[in-house]
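Now for the letters of each chain:
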Amino acid sequence: MEIGIVGGTGPAGSGLALRLAAAGHHVVLGSRSQERAAEVVQKLHERWPEQAGSIEAADNAAAASGEIVVIATPWDAAWTTAKSVGHRLAGKVVLCMANALIRVGHEFQPLVPPRGSVAASVQAAVPSSYVVAALHHVPAKELGDLAHPVESDVLVCSDHAEAKRQCMELITQIPDMRPLDAGDLTQAAPIEAFTAVLLQLNIRYKTRVAVKFTGIDGDPFA
Ligand SMILES: NC(=O)c1ccc[n+]([C@@H]2O[C@H](COP(=O)([O-])OP(=O)(O)OC[C@H]3O[C@@H](n4cnc5c(N)ncnc54)[C@H](OP(=O)(O)O)[C@@H]3O)[C@@H](O)[C@H]2O)c1
């Protein structure tokens, strides 16, 4: 599958690009500047020559041509960026991983974007796309380190059942990650906001936490 990552030059987007490429997908890593994308992709190729082979550098518009498109910009750029490439996103699955947060001193505070969540704002900006919210809680540094799996549950929500299933399938392909169906896009608000708690734990315990839920032992797709 060809997967585009808009805003792919940051730690979250580039880490995800690496994991998806390692799973056998062709990844188009996008940026506002194709040069910046090329620099990031070159570094990925240098560090992970075998696994990063199928990552290609591009601008955001080209990344938006992927079959599934990930929005990996900061939260306040997510819906304007999605809208700017909206004609390419029509009819496609758009995975939004952005969290609306602000750091005030040592405290992370969740923000409430228009429509309650970043993902809902993206859905409103590209109404002909199938927006799925996922991957908010996965630590980017670990995502970008193929030497270790990222043991984590991933909450996935969307108003579009088939789009949600496709994103869950994709997440299943990343070692030790388990996607969980968290319901409709309304759930994106608490999911995004909860990231502030995780970042607070990271500071308190000088670590990078991930999320695991007990009590769900069966097939997450059942
Ligand atoms: N970091 C994490 O651990 C983590 C984990 C899960 C989810 N997330 C979420 O994933 C998203 C990306 O995280 P990140 O840490 O990778 O973010 P980041 O490094 O701050 O930003 C990612 C990329 O977005 C682009 N960008 C920055 N400002 C922009 C603007 N005003 N308009 C358009 N594009 C802009 C930049 O790419 P160019 O300059 O190359 O265009 C940048 O490299 C965030 O929303 C974050 O909440 C992060």
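Residues numbered from 1 in each chain as written. Predicted model: local features only at pLDDT ≥ 70, side-chain atom pairs only at ≥ 80, totals over all residues.

A.B. asks: I'd like a description of helix α4 (residues 75–84), backed by residues and values.
C.D. replies: Trp75, Ala78, Trp79, Thr81 and Ala82 are the residues of α4 that are buried. Buried residues along α4 cover an arc of 165° about the axis, so they all sit on one side. Where α4 is buried, its residues touch β1 (2–6), α3 (60–63), β4 (68–71), α5 (86–89), β5 (93–96) and α6 (118–125). (Buried ≥ 20, exposed ≤ 12 C-beta atoms within 10 Å, placed from the backbone. Helix = DSSP H or I, 4+ residues; strand = E, 2+ residues; numbered from the N terminus. Arc of directions from axis to C-beta. Contact = placed C-beta atoms within 7 Å.)

A.B. asks: I'd like to hear about the site of the ligand, residue by residue, with values.
C.D. replies: The environment of the ligand is made up of 24 residues, and the closest members are Gly10, Ser31, Ala77, Ala98 and Ala140. Grouping the amino acids of the shell around the ligand by side-chain chemistry returns twelve nonpolar, ten polar and two charged. (Near = placed C-beta within 6 Å. Nonpolar A, V, L, I, M, F, W, Y, C, P; charged D, E, K, R; others polar.)

A.B. asks: Break down the nonpolar core for me, citing the residues and quoting the values.
C.D. replies: With 73 residues, the main nonpolar core has Leu29, Ile71, Val94, Cys96, Val122 and Ala134 as its most contacted residues. For this core, the element with the highest residue contribution is helix α1 (residues 11–22), accounting for seven residues. (Core = buried A, V, L, I, M, F, W, Y, C linked by C-beta atoms within 7 Å.)

A.B. asks: Outline helix α2 (residues 34–47), supporting the account with residue identities and numerical values.
C.D. replies: One full turn of an α-helix is made of 3.6 residues, so residues set three or four places apart face in the same direction. Between its terminal C-alpha atoms α2 stretches 20 Å, which fits the 20 Å expected from 14 residues at 1.5 Å a residue. Listed in full, the buried residues belonging to α2 are Ala37, Val40, Val41 and Leu44. Here the buried residues of α2 occupy an arc of 100° about the axis, which is enough to place them on one side. Turned more than 90 degrees from where α2 packs its buried face, Glu35, Lys43 and Glu46 sit exposed. On the buried face of α2, the contacting elements are α1, β2 (26–31) and β3 (55–59). (Expected span 1.5 Å × (residues − 1).)

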